[in-house]
Every structure is written in structure tokens, then in C-alpha cells.
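The chain contents come next:
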Amino acid sequence: MPDIAQPSYIAQVRPDDGRPQGQGRNPSGPPPKKVAETYGETAKAKPLDDRITILGIPAEQITPATQAALATLVAEVNFLRGSVRRLENGAARKDTKAAGDVMPFDILINELSRVFAEPRAPDVARVLVLAYLTTFEVVRRSSGLLAANTLLADLAQRLLNVEFTAHASVTPAAPSPAHGPGQFRFRMVGYAGGSSLAGLAELPLAGLDETHVARQVRDQLLERGFDVGGIEMAADVAVAAVVVSANDGGLTAIGRADHLLRDSGL
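It should be emphasised that the depicted structure is a prediction, and the values quoted were computed from it without experimental measurement.

Draft legend 1. Representation of the overall build of the chain in the model. Each helix and strand in the chain was counted, giving seven helices and 11 strands. For the chain, the proportion of its 266 residues judged to be buried stands at 31%. In the chain, once contacts between residues fewer than 6 apart in sequence are set aside, the share between residues at least 24 apart is 66%.

Here is the structure:
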């Protein structure tokens, strides 16, 4: 009993966890050494298939720094996979369609202004199409910036592949023999800033309907899901189309199309 004085010549017996005899265990302290060793031996004896792992690393060994490094590595791998997939699609497209590249913003603006300064046939209208990836920020917050940029690059690839019939569309700079009669494509496509893309179309002026053009582009962009980090996901895209006036420059045309999107609440 703790209230009975022990002779000084009797040594106290201490448990393996370092507690003096007769003293209660602190519930908030670490478990006794023998208990911890027992749990450790039991965990080692478990089959590997029964242990929770992340990329082969046991979950109990994942620190916040390790988790951040793994997430960055996975995002980079998915970004590179997307780049390879787009390059493969581009190589395949050169055999059947007119090849094209997505222009950086500054080059796009210069090319738009150059083309707008060229004379055009009286029965042809130049139409600027602006596609805005509305779910860019959602993907960035949930899956990271690399995943969002991959999604935007995939959208640009689809915009390059958009095709129209003669009722709704474009005269390409170099028509492809693989196209059927009355089928056309964008003359140029480029990044318009932020999460937006722009394409220049040259359309028959007769019966031109800008809303119909925008709807045709959006339908083709969203006809199938997008691959985000190896998972097929749905994305939302807003599209506006404007007829370019004779005195418009590249920035002015993009600003007019953007105004239409903002008027729609985006």
C-alpha cells in the first residue's frame, strides 16, 4: 500500500515504462514500451497487402512534406502525359487535316491585326470566336495549376480541330484535300489571356448567325469529357462570336467578344 513506509534498504521496482511502483499511469502520456514494441512487431508481421500505402509508401510514414512532394510529382507526370498525348494527336492530324499551332498571346494579337488589315472579299465576314474555360479555377483549386493548364491545353487542341459546314463557317488558310465539300476550319487559334482562347474564322456573309457559330463551336468542344490527372471529367466552356469590323484591331475584337461573355454573367 502506498501509505505504508518501506524500509530504506528495499529498492523500489520500476516497470519497463519508467513509472515508479504504485504510481498510476498518465493517460495522456506515451504507451508503455512493451505495448509499443508489441504493436510494432504485429504491424511488421502483417502481409503487405493489408497495409495502407500511397504509391507503395506505408501511410504511417507519409509526412506533410512527403505528401506535398508526391502530389507535385504526380501532377508533373500527368502534365507530361498530356503533352505527349497532344503531340501524338498533332502528328496524326497532319496526315488527314491542315496542321496548325496554338499561338501565344502576343503573336496572336499581331497576327489578328495583320489579317484584319488585309482586304477581304465582299461576300466573306471575319468572325472572332472567344472560348472561356469557366472551370479552370475549380480544377486549379482541387487538382493544382498543372492540371488546370493541361485542361486548357487540351481545350486549345480541340479548338484547332473544330470543323464547320458551309452553313456555319470558316475558310481555312490552306484547305486540306481530306476535307469534304463545304467543310472548313479556323484560320488561326491562340491564347487570349487567362483561361481564354480565340480563333479567327472567315465565313460566308450570307445567312451569317454569330449565335449559331458560337453554339457549333461549344458543342464540338464539349462532345466528350476531358482527362484530368488520369480521370475523365466534365468541363464547362462559354463561347462568344463577333463579326470583326473593318477598323477593329486584335485587342478590340477580343474585347468585344469578352464583353458578350460578361454580359451573360461570366
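From this point on, the discussion continues.
Draft legend 2. Representation of helix H5 (residues 145-161) within the structure. For H5, spanning 17 residues, the distance from its first C-alpha to its last is 25 Å, which sits close to the expected 24 Å at 1.5 Å a residue. With 13 of its 17 residues buried, H5 lies for the most part within the structure.

Draft legend 3. Layout of the pairing of strand E7 (residues 188-193). Where strand E3 (residues 102-103) and E7 come together, two bridges link them in parallel fashion. The partner of Met103 across the bridge, within E7, is Gly190. As paired strands, E7 and strand E8 (residues 196-204) are joined by five bridges and run antiparallel to one another. Bridging from a neighbouring strand, Tyr191 pairs with Leu197 of E8. Remark: two residues form the turn of the hairpin made by E7 and E8, two consecutive strands paired antiparallel; Gly194 in that turn has positive phi of roughly 60°.

Rules of the game
- Residues numbered from 1 in each chain as written.
- Predicted model: local features only at pLDDT ≥ 70, side-chain atom pairs only at ≥ 80, totals over all residues.
- Heavy atoms only, no water.
- Helix = DSSP H or I, 4+ residues; strand = E, 2+ residues; numbered from the N terminus.
- Buried < 20%, exposed > 50% of the residue type's maximum accessible area, 1.4 Å probe, protein only.
- Contact = heavy atoms within 4.5 Å.
- Expected span 1.5 Å × (residues − 1).
- Pairing = 2+ DSSP bridges.

Without other data, these values stay purely geometric and don't point to any function.
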